[in-house]
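Below are the chains, spelled out letter by letter.
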Amino acid sequence: MAERDAPAAEKPAWTWSWTSVLVRRELLLVAVMVIIVVLSTLHRSYFWSSRNISFILADSMVITFVALGQTFALLSRGIDLSVAPIMGLSAVIVGFRAQDHGMTLLPAVLLGALVGLVLGVGNALLVGIVRLPPIIATLGTLSIYGGLQFVVTGGRQVDHIPVQYTDLGSKTILPGIPLILLVGLAAVLITALVLRHTVFGRSVYATGEDAEAAYRAGIPVQRVTVICYLVCGLFAGLAGVVYLMRTGSAVATTGTDTNANLNAIAAALIGGTALTGGRGSALGAIVGSVFLSLSLSAMVFAGIPPIWQPAGVGGAILLTVLADRKARRPIGRRIAPTWLRLGVRRRPA
Amino acid sequence: MTGIALARRHRVPAWGVTLTLVLVAELFYFTLTTRHFAEGGKGMLVLTEQFVPTGILALGAAAVILTGNIDLSAGATASLSAIVVGSELQHGTGMGPAILYAIGIGVAVGLFNGLVVALLGIDSLLVTLATQFIATSLATSIGGESPPYNFSPAFQRLGTGLVGVIPVSLLIFAVLSVVVVTVVTYTGFGRALALIGYNRSAAEYSGIRARSVLVSVFTLSGSLAGVAGVILAAYYNSARDDIGTTLLLPAITCVVLGGVDIFGGRGRIGEVVVAVFVLGFLTQGLLIQGRSSLTATMITGFVLIGALIIKVSVERAAGETLLAATRRLVGQRTAARRPLRSLLDRE
Amino acid sequence: MSTRKKAGKGTVVAAGIVAAVALVTSACTSGANAGGGNAPTGGASGGGGTGGAVVNNNGDMTLAIVPKLLGLSVFEANVKGAKQVAPNLHMNVNYTASVKASGPDQANVITGLVKSNNPPKVIAYSANDPTSEVPALQAAKAAGIKVIGFDSDVTASARDYFIQDTGYPEMGQALIDAVVKKFGSSGTVGILSSTKDATIQNEWIKAMRDYISSKYPDLKIGPIGYGQSNQATSQTQATNLINSNPDLKALIPIDGAAVPGALAAVKALGQAGKIGVFGIGDPNPNRQYFADGSLTGLFLWDEVKQGQLIAYVARMVADGKMPASGGSFTAGDLGTFTVTNDPAPNTIIFSKPLEFTKDNYAQYDF
């Protein structure tokens, strides 16, 4: 293709390491977070304490899981607005079984994943097979699943699940490292491996990048899309179980009351995943979530009145995206060619 | 109109006609089954007062979505505008200036959104997400512990008054709809919207000043949100910091039901207006029928999905292959990202 | 092309499934509306003319209870109480609410009730905010429907009577007294509320401040956090508050969702017992915390009995038998109540603050 020749002719300034381009946004975020931590600690020394840091990390885990799933949807140039009630339904269903029938952790995780998967089927069918635009399909399922959550809850609520759940949600394994963070990191690692090193993962990037080209190249675009939404639902289901572990509760409005879908999309976007597909990473999901959690905590420590905290988060999002020129529309700018963004190592010509 | 975007002209008016038929059927059904729905037509008109603000937001959202962007801050801007008009009225400012301040705030927010999206090139979803948070904070802080309420009867007329049998707010919505539809359909600016959404670089190379069009359309969305906020404050005779925020998703639902392509480039505002009435009367009618809010929400979700399935399958049956659809959807993005390169290659 | 054919068949099947599911859902949900259902008014559908409320000749009436949100346990308890005494009062209880905790949505539900084929005789609401529902309630009154409020009020002119949960000064005192009893009369306490403009919460905060300034000047109310009426946000805010104020003696969550959030935060930080939690909320979500000592004080009122009172007042208002301000009335075996004008016109104070302790919480199920 024509563009392959262009870099050679222009003596590219790109490095050869496939990680550099992909990781740059995450590094920027980490740098900003370090600055925030340093400033906050200078202001109040107990910001840098094992209990505060471990809390910030643990609190971001619910959104991390939702954002991981959302990454798949975004990478395929779609979106999933129904993750909030999927997470809520999973939390409610698993929570009731745990509270009424004493279900243990492993079956709980499996059930949560299953609930998410089943609900994800709705989205997968509508977007992958019927080919509805994702925003419309998931707007519809948002209302439907949201209502379903009320029906399933039936006026009750989850409020006394076995203590093993909340222990996993709050205990730390080392000072400052919560157990649940390890679970989250494991999920990120698996997702990153799938996205970068499997054919399916590459297909997701290719589909989001240019669906027609991917189709012509023989990639089963429809199947890839279907699986993306199934995975998105699955992660939202897992997020529901993590929510149970963190809060020990679930009600009919869980998920939608904390705007989990918007926060997850924000986390993924902040972490570098592009709305238009084809660009993003699993690492970005967790870094974005931790960034949000950290910003909120820093604002409370700084004594910013609660009503201004949303504005603070908004400002942080703007500043971060401003600082990263890659997020901007490349009007007239040179941008990395496709092969670089897909992570394929370029062999010498 | 958007001549470039349409492959088959006969397809587009079909959806408008379909929506109108659905609306008529719906009105018939509700009139027959509930005593107080129509009340000789007057009741039906009064019902529109409840969803006119959503409709106004939908007008602005549709214009923005035509360009391939989105304005998530419209709802929060409406809330902010409602709070501003409310607190100005409470401090004794005259009705006229208060309304101007409120709409002015909407313009300011829209202008900010437009400048950041057009000049800094940041994705509109992120920008408007951030502005949504900022507008919410502003609204909460101005509203304080005791947000304003109980305004003068003259002001309330904007939301609940009648001119003959027609609600004032419905008239305002009608005027705004006509204006927006005319601008989008018949002016260069309006055609530019869809062109930018369809293929931005092609639009730019045709001489369209994409940046100024984008700034204008976001400002339009913001000012419409400002108007919606004023009407909300008048209708509820009070202003809360979340009065408009909950209307955003319904407004976008109206836009997509109205057939506007979410990736931009295709759609008719007139059909969005019909969609506003379809969804508005649907919710009101279901509630009056005695169904719970729960049922109404779920049925709305089904209606949205069902309607779009029908629309998509009709379009597909009209002959557009999957490939062509995909090409249309991705072609603009692919070309847009490599404008200079493609030019250079040709040379 | 085969893809097109597949897509065509697929969409027809999908559309069919969607339509079928939609029909089934609307049938199911209208029947299973969280326990209340849109129960038609007993034998009263024949009565009533144009738009007025429906009363049959044997006195049957419908009471519509419209709380803030569907599915909240405290309101479910209210409805349970109302339904317990409804048969004796020749009353049907219709429980309906919005699925979003927003004033405009609640106003929508109320308007739907007013315009329905069989409007209720009395509407009892617990308002999401004091102003957005006013036009809808005034329209209800204009249509001949009686309007009573409970728990959370609107501007007085829009309703006939209001059942206030408990006196604001009494609740403030109960909380502060509990704090002082456990931790002494000096130090800093934090408050976790729901939103900045929540009327009852603000009244309680004001009551606490007044009580402190008059009786315990060395006690300080430090930071106030807002949990947005959901547990996850309350928990996050509580943790951040505790972490940023290491000398905090106690946290006072004054919203039903904030209490378990604050407790979970305290427990996760390992501060159970060291930082007190004195809250206003219902006992069910907090049962586990009575045992481990982290919940040092919990106050509310008997929601089920409050529901009964709502039913009694509704019946009396419908019959025109409610006394004017200054008068008193008896409500079954709940006792005697007085109608006052303090703090708002036509207010009935339901009860004194009820304290839940590990000895008595088991008797209550809400």
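Residue indices follow the written sequence of each chain, beginning from 1 at its first position. As a convention, the first chain written is A and the first ligand written is 1, with the rest following in written order. A pLDDT threshold of at least 70 governs which residues receive local features in this predicted model, and a stricter bar of 80 or more applies before side-chain atom pairs are shown or counted, although totals over entire chains, interfaces and linings include all residues.

1. Topic: the overall build of chain A
In terms of helices and strands, chain A carries 16 helices and 2 strands. Each residue is represented by a C-beta atom placed from its backbone, and any two residues with such atoms within 7 Å are regarded as in contact. Here the contacts in chain A between residues at least 6 apart in sequence split such that 79% fall between residues at least 24 apart. Working definition: helices are DSSP H or I runs of at least four residues, strands are E runs of at least two. Numbering for both runs from the N terminus.

2. Details of the overall build of chain C
Secondary structure assignment for chain C yields 10 helices and 14 strands. Any residue surrounded by 20 or more other C-beta atoms within 10 Å of its C-beta is treated as buried, while 12 or fewer makes it exposed and the intermediate range makes it partly exposed; C-beta atoms here are placed from the backbone. The buried share among the 366 residues of chain C stands at 59%. At a minimum sequence separation of 6, the contacts of chain C that also span at least 24 residues come to 70%.

3. Topic: the sheet that holds strand β1 (residues 61–66) of chain C
All names here are of chain C. As summarised here, the arrangement of the 8 strands in space is β2-β1-β3-β4-β5-β13-β12-β11, forming an open sheet in which the pairing is mixed. This sheet does not close on itself; its edge strands, each paired only once, are β2 (91–95) and β11 (328–330). Adjacent strand axes in the sheet meet at a mean angle of 25 degrees, parallel and antiparallel pairs treated alike. Strand pairing is defined by DSSP finding a minimum of two bridges between the two strands. Relative to strand β5 (residues 161–164), strand β4 (residues 146–150) runs parallel, the two being bridged by 3 bridges. Of the residues in β5, the one forming a bridge with Phe150 is Ile163. Convention adopted: a line fitted to C-alpha atoms gives each axis, helices being fitted over their contacting stretch, and angles between N-to-C directions are expressed from 0 to 180 degrees.

4. Focus on the sheet that holds strand β14 (residues 354–356) of chain C
Residues and elements named next belong to chain C. Strand order in the open sheet formed by 6 strands is β7-β6-β8-β9-β10-β14, and the pairing between neighbours is mixed. Taken across any chain shown, the strands that pair with only one partner, and hence form the sheet edges, are β7 (219–226) and β14. If you compare each strand with its neighbour and ignore which way they point, the axes differ by 20 degrees on average. Both strand β9 (residues 276–280) and strand β10 (residues 295–300) contribute to a ladder of 4 bridges, which runs parallel.

5. Looking at the nonpolar core
Note on terminology: a nonpolar core is a set of buried residues of type Ala, Val, Leu, Ile, Met, Phe, Trp, Tyr or Cys, with members joined through C-beta atoms within 7 Å. Counting 337 residues, the largest nonpolar core has A:Val66 and B:Leu57 as the members making the most contacts within it. Sorting elements by how many residues they give to this core places helix α12 (residues 221–247) of chain A first, with 18 residues. Those residues in contact with A:Val66 that lie beyond four places of it in its chain are A:Val83, A:Met87, A:Phe235, A:Ala236, A:Ala239, A:Ala260 and A:Ala264.

6. Considerations on helix α7 (residues 168–186) of chain B
Residues and elements named next belong to chain B. Here α7 is 19 residues long and its end C-alpha atoms lie 27 Å apart, about the 27 Å a rise of 1.5 Å per residue gives. Listing the buried residues of α7 in full gives Ser169, Phe173, Val180 and Val184. All buried residues of α7 fall inside an arc of 40 degrees around its axis, so they share one side. When the buried face of α7 is taken as reference, the exposed residues oriented beyond 90 degrees from it are Val175, Val178, Val179, Thr182 and Tyr186. Next to the buried residues of α7 lie α2 (42–66), α6 (153–160), β2 (166–167), α8 (188–198), α10 (210–236) and α12 (269–288). The span you would expect from a helix comes to 1.5 Å times its residue count less one. Directions from the helix axis toward the C-beta atoms define the arc.

7. A closer look at the pairing of β9(C)
Residue and element names in this part refer to chain C. In terms of residue burial, β9 counts as a mostly covered element, since 5 of its 5 residues are buried. Of the two faces of β9, the one lined by Gly276, Phe278 and Ile280 and the one lined by Val277 and Gly279 are each fully buried. In this structure, strand β8 (residues 248–253) lies alongside β9, joined through 2 bridges in parallel fashion. Bridged to Leu251 within β9 is Val277.

8. Focus on helix α5 (residues 168–183) of chain C
Residue and element names in this part refer to chain C. Taking 1.5 Å as the rise per residue, α5 with 16 residues should run 22 Å; its terminal C-alpha atoms sit 23 Å apart, in good agreement. Restricting attention to buried positions, one finds in α5 the residues Tyr168, Met171, Gly172, Ala174, Leu175, Ile176, Ala178 and Val179. Check the buried side of α5 and you find it contacts β6 (187–193), α6 (199–215), β8, β9 and β10. Looking one or two places after α5, you find Gly184, whose phi comes out positive at around 85 degrees.

9. Some points on the packing of α2(B) against helix α11 (residues 248–257) of chain B
All names here are of chain B. At a closest axis distance of 8 Å, the pairing of α2 and α11 adopts a crossing angle of 60 degrees. With respect to α11, the axis of α2 lies oblique. The chirality of how α2 crosses α11 is right-handed. Seen from α2, the contacting residues are Thr54, Gly55, Leu57, Ala58, Ala61, Ala62 and Ile65; seen from α11, they are Leu248, Pro250, Ala251, Ile252, Cys254 and Val255. Any angle that is under 35 degrees is reported as roughly parallel, and any over 145 degrees as roughly antiparallel; angles of 65 to 115 degrees are reported as roughly perpendicular and all others as oblique. By definition, any crossing whose near helix is turned counterclockwise from its far helix by less than a right angle is left-handed, and any crossing with a clockwise turn is right-handed.

10. Comments concerning the confidence of the model for chain C
When pLDDT drops low, the exact placement of atoms in the prediction is not to be read closely. Residue and element names in this part refer to chain C. Here chain C shows a mean pLDDT of 85. Residues at 70 or above account for 84%. Long-range and interchain partners of residues 1–8, a stretch whose pLDDT sits below 50, account for 11 contacts in this model, where long-range means more than four residues apart. A residue's pLDDT is the predictor's confidence in that residue, given on a scale from 0 to 100. Here residues 30–57 is modelled with pLDDT under 50, and outside its nearest four sequence neighbours on either side it reaches 68 contacts, counting other chains as well. Scoring of the predicted complex yields 0.85 for pTM and 0.84 for ipTM.

11. Notes on unusual backbone geometry
Each neighbour pair has its own omega, and for C:Asp342 with C:Pro343 the value is 5 degrees, a cis peptide bond. For A:Arg77, which is not glycine, the phi dihedral falls at a positive 65 degrees. Note that A:Arg77 resides in the loop between α4 (61–75) and α5 (83–101). Phi at C:Ser229 takes a positive value of approximately 55 degrees, unusual for a residue other than glycine. If you trace the backbone, C:Ser229 turns up in the loop between β7 and α7 (231–244). When the 24 C-beta atoms within 10 Å are taken as the criterion, C:Ser229 is described as buried.

12. Comments concerning the packing of helix α3 (residues 103–114) of chain C against helix α4 (residues 134–142) of chain C
All names here are of chain C. In the contact formed by α3 and α4, the axes pass within 8 Å of each other and the chain directions differ by 15 degrees. The angle between α3 and α4 falls in the class roughly parallel. In the packing of α3 onto α4, the handedness of the crossing is left-handed. Here α3 contributes Ala107, Ile110, Thr111 and Val114 to the contact with α4, which in turn contributes Pro135, Ala136, Leu137, Ala139 and Ala140.

13. Some words on the environment of A:Leu132
Mapped onto the elements of the fold, A:Leu132 is located in the loop between α6 (105–129) and α7 (134–153). Here A:Leu132 falls in the buried class, since 26 other C-beta atoms lie within 10 Å of it. Those residues in contact with A:Leu132 that sit more than four places away from it in its chain are A:Leu126, A:Val127, A:Ala137, B:Leu308, B:Ile309 and B:Val312.

14. Thoughts on the confidence of the model for chain A
Taken as a whole, chain A shows an average pLDDT of 86; of its residues, 86% reach a score of 70 or greater. Throughout residues 13–19 of chain A the model reports pLDDT below 50, and contacts reaching past four residues in sequence, or to other chains, amount to 6 contacts.

15. Here's the deal with the environment of B:Gly16
Residue and element names in this part refer to chain B. Note on placement: Gly16 falls in helix α1 (residues 11–33). Spatially, the C-alpha atom of Gly16 lies 8.5 Å from that of Gly259, the residues being 243 residues apart in sequence. Here Gly16 is in contact with Arg268, Gly270, Glu271 and Val274, once residues within four sequence places are set aside.

16. Points about the environment of C:Leu300
Residues and elements named next belong to chain C. Here Leu300 lies in strand β10. For Leu300, a count of 24 C-beta atoms within 10 Å gives the class buried. Between the C-alpha atoms of Leu300 and Glu355, which are 55 residues apart in sequence, the distance is 6.5 Å. Once you skip the residues sitting within four places of it in the chain, Leu300 turns out to touch Ile280, Gly281, Asp282, Leu354 and Phe356.

17. Some details on the pairing of strand β3 (residues 122–125) of chain C
Residues and elements named next belong to chain C. Across the two faces of β3 the burial is the same, with Val122 and Ala124 and Ile123 and Tyr125 all buried. Direction of pairing for β3 relative to β4: parallel, over a ladder of 4 bridges. Residue pairing in the sheet places Val122 in a bridge with Lys146 of β4. Orient the strands so they point away from the viewer; a crossover is then right-handed if the path from the first strand over the helix to the second runs clockwise. Regarding the hand of the β-α-β motif, the stretch spanning β3, α4 and β4 is right-handed.

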